[in-house]
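Each chain, written out:
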Amino acid sequence: MRTRRRKSFVSGFVAILGRPNAGKSTLLNRFLDTKLAIVSSKPQTTRTTIQGVLTSDSYQLIFIDTPGLHKADSLMNRQMMEMISETLDGKDVLLYVVDATQPFTPRDDEALNVLSATQTPVLLVLNKIDCVKEKAHLLPLIEAYRARRPFAEIIPVSAVTGEGASALHKAILARMPKGPAWFPAEHLTDQPERFLAAEIVREKILAVTRQEVPHSVAVLVDSWEEQPKLLRISATIYVEKQGQKAIIVGAKGAMLKRIGTEARMEIEGFLGRKVFLGLFVKVQPNWREDPGFLKELDWRSMAGTDESAAEG
Ligand SMILES: Nc1nc2c(ncn2[C@@H]2O[C@H](COP(=O)(O)OP(=O)(O)OP(=O)(O)O)[C@@H](O)[C@H]2O)c(=O)[nH]1
Ligand SMILES: [Mg+2]
């Protein structure tokens, strides 16, 4: 039976904003029911905007996950914060995600500045409520946010368990304008497979490293070779110091082996085929301040303008 295309098809762009570690990427993955963005307990996991497109027979929602709002202390971080400001343009709804297990601090106040000039409706998403036993504990947080700016709605959710997700979904849909599907129904994300694979490697590194190491790691795919029986991927892990390289390689290469195995298994899962993953570690001092290297990391600049042109 053909699905009937309703006259009231709605579509729109939804940006997901908030401080590092609030759960923005987890929320994106929950909406799309797919792992599109890597997640970690370390702040500043996401480094670029990530699109996820959710299509049904009555709507198309284009979500854009963004890097966490923080004080920029490197060229990379400054570029990330500029990217967020640009992302605010032309959106129909903004989701401002906060970690509801944490009290309101001056840093939260500062982060809210990103919303100061926007006229777009903002939904305040109180995330991680699976860890809030007494819901009354949310009230001081709600008051603190309400005192700073108006929010179109305040919605408690858990991106991990899915609690509150359907209320949030409804609140988003209620604010979508009538409009066409901007992307074909099967279009899920703007990220190339090569970038996703590099991100998965980075996620596995974030999971096993601490302190400054997670921030000092970048991953680039060097080659991607389709062979009859498997896909052969070779990637380089860049770090800033020799000591960081030693940590990632580990004793007798054990750590690198573990990172490689975990990443390969996940890449095989999402590509649905057998993969050989070769990993190399290189020291590239100060890469976070190197405009040329940052350009290399940005798949949008490599892909040219065509692939990013569709973003609203
Ligand atoms: N308990 C609980 N943990 C959550 C929830 N949502 C996210 N987390 C955890 O919070 C941590 C950060 O999640 P991310 O989704 O990477 O957060 P983010 O806001 O994208 O972080 P950045 O990319 O660094 O800005 C991870 O350890 C998640 O598993 C939630 O609803 N409940
Ligand atoms: Mg993230």
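**A look at the sheet that holds strand E4 (residues 93-99)**
Here is step 1 of the chain: Read across the open sheet, the six strands follow the order E2-E3-E1-E4-E5-E6; overall the sheet is mixed. Strands at the two margins of the open sheet, each flanked by one partner only, are strand E2 (50-55) and strand E6 (153-156). Strand-to-strand twist in this sheet, taken as the mean axis angle between neighbours without regard to direction, amounts to 25°.
Here is step 2 of the chain: As judged from the four bridges shared by strand E5 (residues 122-127) and E6, these two strands associate in the parallel manner. Paired with Leu-124 across the strands is Ile-154, a residue of E6.
Here is step 3 of the chain: Along the sheet face, helix H5 (residues 165-173) touches strand E1 (10-18), E2, strand E3 (59-65), E4, E5 and E6 and points at about 110° away from the line of E3.

**Topic: the nonpolar core**
Here is step 1 of the chain: With 34 residues, the main nonpolar core has Tyr-96, Leu-115, Tyr-145 and Phe-151 as its most contacted residues.
Here is step 2 of the chain: Looking at this core, the elements with two or more residues in it are E1, helix H2 (75-88), E4, E5, helix H4 (139-148), strand E7 (218-226) and helix H9 (291-297).
Here is step 3 of the chain: The element best represented in this core is H2, accounting for six residues.
Here is step 4 of the chain: When residues of this core are sorted by domain, at least three fall in each of domain 1 (10-173) and domain 2 (193-303).
Here is step 5 of the chain: Leaving out residues up to four positions away in the same chain, Phe-151 has contacts with Tyr-96, Leu-112, Leu-115, Val-122, Leu-123, Leu-124 and Tyr-145.
Here is step 6 of the chain: Core analysis: the next-biggest nonpolar cluster, separate from the first, contains 27 residues, Leu-32, Phe-63, Val-93 and Met-176 among them.

**Overview of the domain arrangement of the chain**
Here is step 1 of the chain: In terms of domain boundaries, the chain breaks down into domain 1 (10-173) and domain 2 (193-303).
Here is step 2 of the chain: A C-alpha centroid distance of 27 Å is found between domain 1 and domain 2.
Here is step 3 of the chain: Between domain 1 and domain 2, the residue contacts involve 18 residues of the former and 23 residues of the latter.
Here is step 4 of the chain: Both sides of the domain 1 and domain 2 interface together cover about 1600 Å² of buried area, and 53% of this is carbon and sulfur.
Here is step 5 of the chain: A per-residue breakdown of the area domain 1 buries against domain 2 is headed by Ile-38, Lys-42 and Arg-47, which together make up 36% of the total.
Here is step 6 of the chain: For Lys-35, the salt bridge is made with Glu-266, and the minimal N-O distance between the two is 2.8 Å.
Here is step 7 of the chain: At the junction of domain 1 with domain 2, the criterion picks out 13 residue pairs in polar contact (both at pLDDT 80 or more).
Here is step 8 of the chain: The residue inventory of the side of domain 1 that touches domain 2, partitioned by class, reads six nonpolar, seven polar and five charged.

**Overview of the sheet that holds strand E8 (residues 231-239)**
The strands that make up a sheet pair up through hydrogen bonds in the backbone, lying either parallel or antiparallel.
Here is step 1 of the chain: If you walk across this open sheet you meet the three strands as E7-E8-E9, and the pairing is mixed. Unpaired on one side and paired on the other, E7 and strand E9 (275-283) mark the two borders of the sheet. Within this sheet the neighbouring strands show an average axis-to-axis angle of 20°, counted without direction.
Here is step 2 of the chain: Two elements, E7 and E8, share eight bridges in a ladder whose sense is antiparallel. When the sheet's bridge partners are listed, Glu-226 is paired in E8 with Leu-231.
Here is step 3 of the chain: Against the sheet, helix H6 (residues 193-208) makes contact with E7, E8 and E9, and its axis sits at roughly 130° relative to E7, the strand it touches most.
Here is step 4 of the chain: On the sheet, helix H7 (residues 242-249) packs against E8 and E9 and is oriented at approximately 155° with respect to E9.

**Here's the deal with the site of ligand 1**
Here is step 1 of the chain: Taken together, 23 residues form the shell around ligand 1, and within it Lys-24, Thr-26, Thr-45, Thr-46 and Asp-130 come nearest.
Here is step 2 of the chain: Within the backbone of Gly-23, one N or O atom sits 2.8 Å away from an oxygen atom of ligand 1.
Here is step 3 of the chain: Considering every element that reaches the shell around ligand 1, the biggest residue donor is helix H1 (residues 24-32), with three residues.

**A few points about the environment of Phe-293**
Here is step 1 of the chain: Inspection of the secondary structure puts Phe-293 in helix H9.
Here is step 2 of the chain: Sequence-wise, Phe-293 and Ala-218 are 75 residues apart; in three dimensions their C-alpha atoms are separated by 10.0 Å.
Here is step 3 of the chain: Other than its neighbours up to four places away in sequence, Phe-293 contacts Ala-218, Leu-220, Tyr-238, Gln-284 and Trp-287.

**Notes on the packing of aromatic side chains**
Each aromatic ring pair is summarised here by two numbers: the centre-to-centre distance and the angle between the ring planes.
Here is step 1 of the chain: The tally for this structure, following the rule as stated, stands at eight aromatic pairs.
Here is step 2 of the chain: Summarising the aromatic geometry, the rings of Tyr-145 and Phe-151 are spaced 6.2 Å apart at their centres and angled 70° between planes, so their arrangement reads as edge-to-face. In this structure, Tyr-145 and Phe-151 share a single accessibility class: buried.
Here is step 3 of the chain: Among the aromatic residues, those joined into a cluster by ring pairs are Tyr-96, Phe-104, Tyr-145 and Phe-151.
Here is step 4 of the chain: Taking NZ or CZ as reference, Arg-149 lies 5.7 Å from the ring centre of Phe-151, over its face.
Here is step 5 of the chain: Sitting above the plane of the Phe-276 ring, Arg-232 keeps its charged end 4.6 Å from the centroid.

Reading the values: the criteria
Residues numbered from 1 in each chain as written. Chains lettered and ligands numbered in written order. Predicted model: local features only at pLDDT ≥ 70, side-chain atom pairs only at ≥ 80, totals over all residues. Heavy atoms only, no water. Pairing = 2+ DSSP bridges. Helix = DSSP H or I, 4+ residues; strand = E, 2+ residues; numbered from the N terminus. Axes fitted to C-alpha atoms, helices over the stretch in contact; angles between N-to-C directions. Contact = heavy atoms within 4.5 Å. Core = buried A, V, L, I, M, F, W, Y, C linked by side-chain atoms within 4.5 Å. Buried < 20%, exposed > 50% of the residue type's maximum accessible area, 1.4 Å probe, protein only. Domains from an automatic or database assignment. Buried area = accessible area lost by both parts, 1.4 Å probe. Salt bridge = Lys/Arg side-chain N within 4 Å of Asp/Glu carboxyl O. Polar contact = N/O pair within 3.5 Å; in protein donor to acceptor, adjacent residues only side chain to side chain. Nonpolar A, V, L, I, M, F, W, Y, C, P; charged D, E, K, R; others polar. Near = heavy atom within 4 Å. Phe/Tyr/Trp six-rings, centres within 6.5 Å; stacked < 30°, edge-to-face > 60°. Lys NZ or Arg CZ within 6 Å of the ring centre and 35° of its normal.

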